[in-house]
Amino acid sequence: MQGKELRIVFMGTPDFAVASLRKLVEGGYNVVGVITAPDRPAGRGKQLAESAVKKYAVDNNLTVLQPEKLKNPAFQEELRALKADLQVIVAFRMLPEVVWAMPPLGTFNLHGSLLPQYRGAAPLNWALINGETKTGVTTFLLDHEIDTGKILFSKEIDIWENDTVGTVHDSLMEIGATLVTQTVDALAEGTYKAVPQEEALSDQEIKHAPKIFKEDCRIVWDKDVESVRNLIRGLSPYPAAWTVLKHKTSGEEISAKVFFAMHADGKATTPGTIHTDGKTFMKVACADGWLQITDLQIAGKKRMKTNDFLRGFQQVEDYRFV
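Residues numbered from 1 in each chain as written. Predicted model: local features only at pLDDT ≥ 70, side-chain atom pairs only at ≥ 80, totals over all residues. Heavy atoms only, no water.

Enquirer: Summarise the overall build of the chain; cite the residues concerned and give the values.
Expert: A count of helices and strands for the chain gives nine helices and 16 strands. The principal-axis extents of the C-alpha atoms in the chain amount to approximately 70 × 50 × 30 Å. Expressed as a percentage of its 322 residues, the buried residues of the chain come to 48%. Considering only contacts in the chain between residues 6 or more positions apart, those separated by 24 or more positions represent 65%. Accessible surface, the chain as shown: approximately 16,100 Å² in total, 50% of it carbon and sulfur. Measuring between centres, the 38 positive side-chain charges of the chain sit 5 Å from its 41 negative side-chain charges. (Helix = DSSP H or I, 4+ residues; strand = E, 2+ residues; numbered from the N terminus. Buried < 20%, exposed > 50% of the residue type's maximum accessible area, 1.4 Å probe, protein only. Contact = heavy atoms within 4.5 Å. Areas by Shrake-Rupley, 256 points an atom, 1.4 Å probe, with all protein chains shown as cover. Lys, Arg positive; Asp, Glu negative; His and termini not counted. Charge placed at Lys NZ, Arg CZ, Asp CG, Glu CD.)

Enquirer: So what about the packing of helix α1 (residues 15-26) against helix α2 (residues 52-59)? Which residues, and what values?
Expert: Across the interface, α1 lies against α2 with an axial gap of 8 Å and an inter-helix angle of 25 degrees. Judged by the angle between their axes, α1 and α2 are roughly parallel. Of the two possible hands of crossing, α1 and α2 adopt the one that is right-handed. Residues Asp 15, Ala 17, Val 18, Leu 21, Arg 22, Val 25 and Glu 26 of α1 lie in contact with α2, whose contacting residues are Ala 52, Val 53 and Tyr 56. (Axes fitted to C-alpha atoms, helices over the stretch in contact; angles between N-to-C directions. Parallel < 35°, antiparallel > 145°, perpendicular 65-115°, else oblique. Left-handed = near helix turned anticlockwise from the far one by under 90°.)

Enquirer: Provide a residue-level description of α2, including the pertinent values.
Expert: All buried positions along α2 are accounted for by Val 53, Lys 54, Tyr 56 and Ala 57. Summarising the axial view, the buried residues of α2 lie within an arc of 165 degrees, below the 170-degree limit, and thus occupy one face. Against the buried residues of α2 lie β1 (7-12), α1, β2 (30-35) and β5 (64-65). (Arc of directions from axis to C-beta.)

Enquirer: Lay out the side chain of Lys 54 in plain terms, naming residues and giving numbers.
Expert: As for its placement among the helices and strands, Lys 54 is situated in helix α2. For Lys 54, the side chain forms a polar contact with the side chain of Gln 66, separated by 3.1 Å. Ignoring sequence-local partners within four residues, the contact set of Lys 54 consists of Thr 36, Asp 39, Val 64 and Gln 66. (Polar contact = N/O pair within 3.5 Å; in protein donor to acceptor, adjacent residues only side chain to side chain.)

Enquirer: Give a detailed account of the environment of Lys 267, specifying residues and quantitative values.
Expert: Note that Lys 267 resides in the loop between β11 (253-264) and β12 (274-276). Put simply, Lys 267 and His 208 are 59 residues apart on the chain and 35 Å apart in space, counted from C-alpha to C-alpha.

Enquirer: Tell me about the state of the cysteines, and please be specific about residues and values.
Expert: Working definition of a disulfide: a covalent bond connecting the sulfur atoms of two cysteines. All told, the structure shown has zero disulfides when counted by the stated rule. Cys 217 takes part in no disulfide bond, and the closest cysteine sulfur, belonging to Cys 286, lies 17 Å away. The exposure class assigned to Cys 217 is buried, which follows from its relative accessible area of 4%. (Disulfide = S-S within 2.5 Å.)

Enquirer: If you had to explain the packing of aromatic side chains to someone new, which residues and values would you point to?
Expert: Taken as a whole and judged by the stated rule, the model has three aromatic pairs. Taken together, the ring pairs in this structure connect Phe 309, Phe 313 and Tyr 319 into an aromatic cluster. Residue placement shows Lys 214 over the ring face of Trp 242; its charged tip is 5.2 Å from the ring centre. (Phe/Tyr/Trp six-rings, centres within 6.5 Å; stacked < 30°, edge-to-face > 60°. Lys NZ or Arg CZ within 6 Å of the ring centre and 35° of its normal.)

Structure representation (structure tokens):
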């Protein structure tokens, strides 16, 4: 059997998943249904917003299901009625066994890491936060434990010095889409070898990628320069590393997000100290050196370049980052 003959159900929600769905649709694969998140209130007006995957699916006249609960018998009956040969998961939620075991060829997931490393909800973020120089995408068959199924295919890329999670996300989104169609074809034709993750692990120490919370995003300036820089790039543009500008005298505090920073010259001094020419640059002391901030956003304002920030915040050296 050829991949394009399979009846495929696709499950996904954000932009990252749209590239894979588009690759299947435009490649002529038979996508018989799309499962995505229910519409949710969003924005200041709390208007119902559709997921990126739903928007693409509706625009392309695909059947869409939006279950609140995947264990709902009515949803499972609708899913069964689609008679899928294979299910493809990209950036979706955890599936109960009754769902992932439903199609004859099973269900595979596209994960944003080189499994078995960085299992979990935020693999791209943690790879950059930890200063990795390589990452990638992996397709694997779903199993009982999250992100532990047998590996099908993977594709590795370099992480460059000035990459952020945003740039890596965009690269892997397209690479992952190609890996999805490669995996569909291989499963249809039987031309694959499913490798247990324990074999792929060898003697590596496992690195995890848990969900990121607000406190994980706070910059600790008394860490070394590279650790702080990696945290910033691993959270940029979203959810964004954050810090607080604190006035040295009054104690006034202003929260700020930092989107990009680079190494700067200077001897180490008290972490959080700010040095600027008041016009073009602003650098902040870490434990062993300085970082020059180039993109930031203070509470109540838009994201801006440092020179624009300094025009409206001329007394910044009266503050320090804490």
